[in-house]
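Topology and contacts: notes
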Amino acid sequence: HLFLGEKLGAHLLERDGVRGVFFAVWAPNAAFVSVVGDFNSWDSYRHPLRLRGESGIWEGFVEGLSTVWSTACLSIWMQLSGSLTGDIGLSVRANAYPMP
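To start, this report covers the structure provided alongside it. Computed from a predicted structure; not experimentally measured.

A look at the overall build of the chain
Tallying secondary structure elements over the chain gives 0 helices and 7 strands in all. Each helix (α) and strand (β) of the chain, taken in turn from the N terminus, gives the series β-β-β-β-β-β-β. By the burial criterion, 39% of the 100 residues in the chain qualify as buried. Excluding contacts between residues fewer than 6 apart, the proportion of contacts in the chain whose partners are at least 24 apart in sequence is 59%. Counting only carbon and sulfur atoms, one obtains 54% of the accessible surface of the chain, whose full area is about 6200 Å².

Let's talk about the pairing of strand S5 (residues 57–63)
In terms of burial, S5 is a largely internal element, 5 of the 7 residues being buried. Alignment of strand S2 (residues 18–26) against S5, held across 7 bridges, turns out to be antiparallel. Looking across to S5, one finds that Phe 23 is bridged to Gly 60. Bridging between strand S4 (residues 50–51) and S5 involves 2 bridges; their strand directions are antiparallel. Within S5, the residue paired with Leu 51 across the bridge is Trp 58. The hairpin turn running from S4 into S5, its antiparallel successor, is 5 residues long, and Gly 53 in that turn takes a positive phi close to 60°.

Some thoughts on the environment of Pro 48
Here Pro 48 shows up in the loop between strand S3 (30–36) and S4. For the pair Pro 48 and Gly 60, spaced 12 residues apart in the sequence, the C-alpha separation amounts to 7.3 Å. The contacts of Pro 48, once residues within four sequence positions are left out, are Phe 32, Val 33 and Ser 34.

A short note on the pattern of salt bridges
Scanning the entire structure with this criterion turns up 2 salt bridges. Between Arg 19 and Glu 14 there is a salt bridge, and its shortest N-O distance comes to 3.7 Å. A residue is classified by how much of its surface remains accessible, and Arg 19, at 40% relative accessible area, is partly exposed.

Observations concerning the pairing of S2
As defined by bridge partners, strand S1 (residues 9–15) adjoins S2 across 7 bridges and the pair is classed as antiparallel. Pairing of Glu 14 across the sheet is with Arg 19, part of S2. Counting the residues in the hairpin turn of S1 and S2 gives 2 residues, including Asp 16, whose phi is positive at 55°.

Examining the nonpolar core
Phe 23, Val 33, Leu 49, Trp 58 and Leu 65 are the most contacted members of the largest nonpolar core, which totals 13 residues. Among the elements of the structure, S2, S3 and S5 are those that each provide at least two residues to this core. In this view, Trp 58 contacts Phe 23, Ala 24, Val 25, Ala 27, Ala 30, Ala 31, Phe 32, Val 33, Leu 49, Arg 50 and Leu 51; residues no more than four positions away in its chain are not counted.

Details of the side chain of Asn 40
Within the secondary structure layout, Asn 40 lies in the loop between S3 and S4. In this structure Asn 40 comes out as buried when scored by relative accessible area, which is 0%.

Analysis parameters
- Residues numbered from 1 in each chain as written.
- Predicted model: local features only at pLDDT ≥ 70, side-chain atom pairs only at ≥ 80, totals over all residues.
- Heavy atoms only, no water.
- Helix = DSSP H or I, 4+ residues; strand = E, 2+ residues; numbered from the N terminus.
- Buried < 20%, exposed > 50% of the residue type's maximum accessible area, 1.4 Å probe, protein only.
- Contact = heavy atoms within 4.5 Å.
- Areas by Shrake-Rupley, 256 points an atom, 1.4 Å probe, with all protein chains shown as cover.
- Pairing = 2+ DSSP bridges.
- Salt bridge = Lys/Arg side-chain N within 4 Å of Asp/Glu carboxyl O.
- Core = buried A, V, L, I, M, F, W, Y, C linked by side-chain atoms within 4.5 Å.

Next comes the structure, spelled out in structure tokens:
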């Protein structure tokens, strides 16, 4: 895709009449990626993203968010030497603008 900023990151949108935020990140070596923040008590298992084929792109839609709070981050778990190492990318922020 020529304009990755239109696909990756955090984007406010409406899907099937439900407002929320669509998240996408390229993390080809990740074993698990999720969205965490105050809105889900920083629980890595409440909003996991799914791997899109073999592209290395993880994506998902979080219903009900009308903005991406400044505390919303992506939690990226990496598989290293047979064991999971958690929250490698916890400081990665996915910001968007409030939905009107």
